[in-house]
Amino acid sequence: MEKATSDPGPSAHRSESTVAQRLNCLELISVYDSDAGWPSVEMRFDRLAWDGQLYRSKFGECIGIREPEFAGDLFDGLSRRRKMSGYSISKAELREFWDQISNPLFDSRLQTFFDMMGKSADKRITGEEVKEIIVLSASASKLPKLKEQAEEYALLIMEELDSTNQGYVSMENLEVLLLQRPGQSVSQMQRHKPLLTTLESNPLRRWYLRTHYILEDNWKRVWVMLLWLSIYTALFAWKFVQYRRHDVFQVMGYCVCVAKGSAETLKFNMALVLLPVCRNTITWIRNLTVVTRVVPLNDNLNFHKVVAIGITVGVGLHIIPHLTCNFPRLLRAADAEYAPLAHYFGETRPDNYWWFTRSTVGWTGLVMLVLMAAAFTLAMPLFRRGRLALPEPLRRLTGFNAFWYSHHCFVLVYALLIVHGQFLHLAHKWYKKSTWMYLAVPMVLYACERLMRVLRSTVLTVKIKKVEAYPGDVLVLQFFKPQRFRYKSGQYIFINCPAISKFQWHPFHITSAPQDNYLSVHIRALGDWTRELKNVFERVCQSPIEGESGLLRAENNCNGDAMSNPSFPKMLIDGPYCSASQDYKDYDIVLLVSLDIGATSMISIMRDIVNNTKQLDNDLESGDKSNSSVSSSFRTRRAYYFYWIITKEQGSFEWFPSLMHEVVQVNKDGVIEVHNYCTSLDEQGDSQSALFAVLQSLNYDKNGVDILSGTRLKTHFARPNWYNVYKRIALSHRDQRVGVFYCGAPVLEDELRDLARDFSRKTNTKFDFHKENF
């Protein structure tokens, strides 16, 4: 390891693997928590120290390092950093050494590495050693492409620091470049808290403003909820008063009024809950501009959940009074009290609960209760997304499959509900048995929707054109576009793979543009069905071509009339269906935000903007501006797209490579502004991030190419500052309305929505927030 003083270059005795050995050894040490490992180190210090001093020869044994040479270099480096002389240290100094070398952060390990390598006789590092630092950093961050191009990037650093071509660089210069490079850490990027009404000191005025803002932002939801609650209350009150005057009231009292009032609301809600999931009907209604302006159709699934809660409340208010009040009172009623009720329950008075249970009304009610409880429970996120850890036999009760099958048991629930309503004890006349009246129209409409799905998936035969799989468990399916298949950017389709399940249909955003001659979707393997779909295609696809992205690929080069690859599984599609994202055309300025795989809902919009921009440019070049085919329908004139990656998979930037290149090509006038963020490299704000930031800057300045995406779109190693994003857009587009469209995990939804509200109230720019929901 020692270097001859006459040697002008780096030590010839220092092997090329020295850097790797040093960093790997340091990494093994840093897996231990500083506080957790210190007691053992302290005990060994007490055993090995002499007069309260630990000598250099015993340092390795004390901290658990078996390589004497490495331990000696480490002792020297840490002492040199603190300008300590001598060959022994105290317990306090040992604790300081231990805190640094056991720190798990990469910058601490790299700092220790520099301390070890920066000997007074050899403060130089070669290009090969720089390359090894890059390789180790890329491996730790799961960035395979950076690892493959480590030699190229090492040359960039050497060119930057080795201006005289000596073959080595100063250790101090490299240390400054990596460890003291200014950057922005996560702690500096605290979430902005909107001002809202916090500046108003008057509590009444603050309450008024808060109420005003809520109504302003949610007036569509408010009037729909008020209408629903009004009908709900009116039906309950009507039935309550009706049974208040009924003969049975003398025996059962107000309990029967509550039970029957809630039963009436149940009929209404069981009919209403079907309407928000009639997607074809909703898609058709969205084309009626007047209806869309006053009805929040994008909240259809949220309203479905609200009605489901209303059903749960109704079930409780119907069953509990019956079981705890009505039935016991009837069983204990005197003969004189029971006489007026004989024509409802029979001449012989019921003598126990079994009489009610074995009746048609009783057993149908109990079966419905069990099925509804199962469907409601398994639809909760804890079960539906498989977050609940259950023993192996019960694990099948979680996940999407359990949710899907339990929900479709409602076909049986509706059949039992009609039977239940036809055998009521207290209603004998047909016009008083109103259950079928409530359910007739919604059930017919829903049945037509299901029939339309079957017919459309049969008529719109779909053939697979190309299959690709990318890092991050993302499967890309390209289909030949069926004839007469029309859709808008931002819409989604349902996909069925009979090889997995003939009954399950899953929604996915369309990622191709309406003008493309193919139909594509990007599917991430997150659940049981999507994982199985990826496995099905892995069995029929080939390995990727060398030099091309994708874990596997298969392509059908036929014209769509016959399948050249019969091993492809059969695929069915249904749609398209409307979504919140398709409203982007209503805005001149749009802010598109996606988190990880949420980019799928935005890609079709980006492709549409790119295609329309190309068409506009062509029309302008040809002088046909007045007769432009898109000038009247294409309203968007500026788009800001923020793609935020929090995964450590570099392949996330490979999901839409062609689109990234197209954006750069057509973006001559700055119509589209794309910002890529990768925060997995800046989670700790450490020097590992600084290393990649240096490589990014050097490579982009020289070649104009991003080191992660491989395009001219530069990636930021930081978390987006959403407050500054909104502020810049607000200042650039005064007195305009900006459409904000977000698709991704709920973790970011509240912040984006709050900022949109805050800037709409505090500036002249209005931001309309839209969240994509399935």
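Everything numeric here is computed off the predicted structure, so don't read it as measured data. (Residues numbered from 1 in each chain as written. Predicted model: local features only at pLDDT ≥ 70, side-chain atom pairs only at ≥ 80, totals over all residues. Heavy atoms only, no water.)

## Digging into a nonpolar patch on the surface
A cluster of nonpolar side chains, namely Trp219, Trp223, Leu227, Ile231 and Val294, defines an oily patch on the protein surface of about 430 Å² accessible area. Counting residues per element, the nonpolar patch draws most heavily on helix 11 (residues 203-244), at 4 residues. For Trp219, the position within the fold is in helix 11. The exposure class assigned to Trp219 is partly exposed, which follows from its relative accessible area of 42%. (Patch = residues over 30% accessible without salt bridge, like charges linked within 9 Å, V, L, I, M, F, W, Y side chains within 5 Å. Areas by Shrake-Rupley, 256 points an atom, 1.4 Å probe, with all protein chains shown as cover. Salt bridge = Lys/Arg side-chain N within 4 Å of Asp/Glu carboxyl O. Helix = DSSP H or I, 4+ residues; strand = E, 2+ residues; numbered from the N terminus. Buried < 20%, exposed > 50% of the residue type's maximum accessible area, 1.4 Å probe, protein only.)

## A word on the UniProt feature "transmembrane region" (unreviewed entry) in the protein
Following the UniProt record, the feature "transmembrane region" (unreviewed entry) maps to residues 222-241, 361-383 and 404-424 here. The span residues 361-383 shows a helical share of 91% and a strand share of 0%, and its end C-alpha atoms are spaced 31 Å apart. Its end C-alpha atoms 31 Å apart, residues 404-424 is made of 81% helix and 0% strand. (UniProt positions renumbered as here; feature names shortened; annotations may be inferred.)

## Side note on the state of the cysteines
In protein structure, a disulfide is the covalent linkage between the sulfur atoms of two cysteines. Under the criterion given, the structure shown has 1 disulfide. A disulfide bridge connects Cys255 with Cys325, and the sulfur atoms are separated by 2.1 Å. Between Cys255 and Cys325, the disulfide has an S-S torsion of 85 degrees and is therefore right-handed. Linking Cys255 in helix 13 (residues 254-272) with Cys325 in helix 16 (residues 300-332), this pair joins segments that are 70 residues apart in sequence. The thiol of Cys257 is not disulfide-bonded; the next cysteine sulfur, from Cys255, is found 8.8 Å away. Judged by relative accessible area, Cys257 falls into the buried class, the value being 0%. (Disulfide = S-S within 2.5 Å.)

## Notes on the sheet that holds strand 7 (residues 492-496)
Strand order across the open sheet formed by 3 strands is 8-7-11, with antiparallel pairing between neighbours. Either end of the sheet is taken by a strand with one partner, and the two such strands are strand 8 (506-509) and strand 11 (572-577). With direction set aside, neighbouring strand axes in the sheet form an average angle of 30 degrees. (Pairing = 2+ DSSP bridges. Axes fitted to C-alpha atoms, helices over the stretch in contact; angles between N-to-C directions.)

## So, the environment of Trp238
Tracing the backbone through its elements, the reader meets Trp238 in helix 11. The class of Trp238 is partly exposed, set by a relative accessible area of 45%.

## Structural notes on the confidence of the model for the protein
Per-chain confidence: the protein averages 75 in pLDDT, with 69% of residues scoring 70 or above. Scored below 50 in pLDDT, residues 558-564 makes 14 contacts in the model with residues more than four places away or belonging to other chains. (pLDDT = per-residue confidence, 0-100. Contact = heavy atoms within 4.5 Å.)

## Here's the deal with the pattern of salt bridges
One pass over the full model with this rule turns up 10 salt bridges. Across the pair Glu264 and Lys239 runs a salt bridge, and its minimum N-O distance is 3.8 Å. Of this pair, Glu264 sits in helix 13 while Lys239 sits in helix 11, and the two are 25 residues apart along the sequence. Owing to a relative accessible area of 2%, Glu264 belongs among the buried residues under this scheme. Between Arg453 and Asp574 there is a salt bridge whose closest N-O contact spans 2.8 Å. Of this pair, Arg453 sits in helix 24 (residues 435-459) while Asp574 sits in strand 11; the two residues are 121 residues apart in sequence, bridging distant segments of the chain. Here Arg453 and Asp574 have matching classes, each one buried. If you follow the salt bridges from partner to partner, you end up with Glu42, Asp46 and Lys91 in one network.

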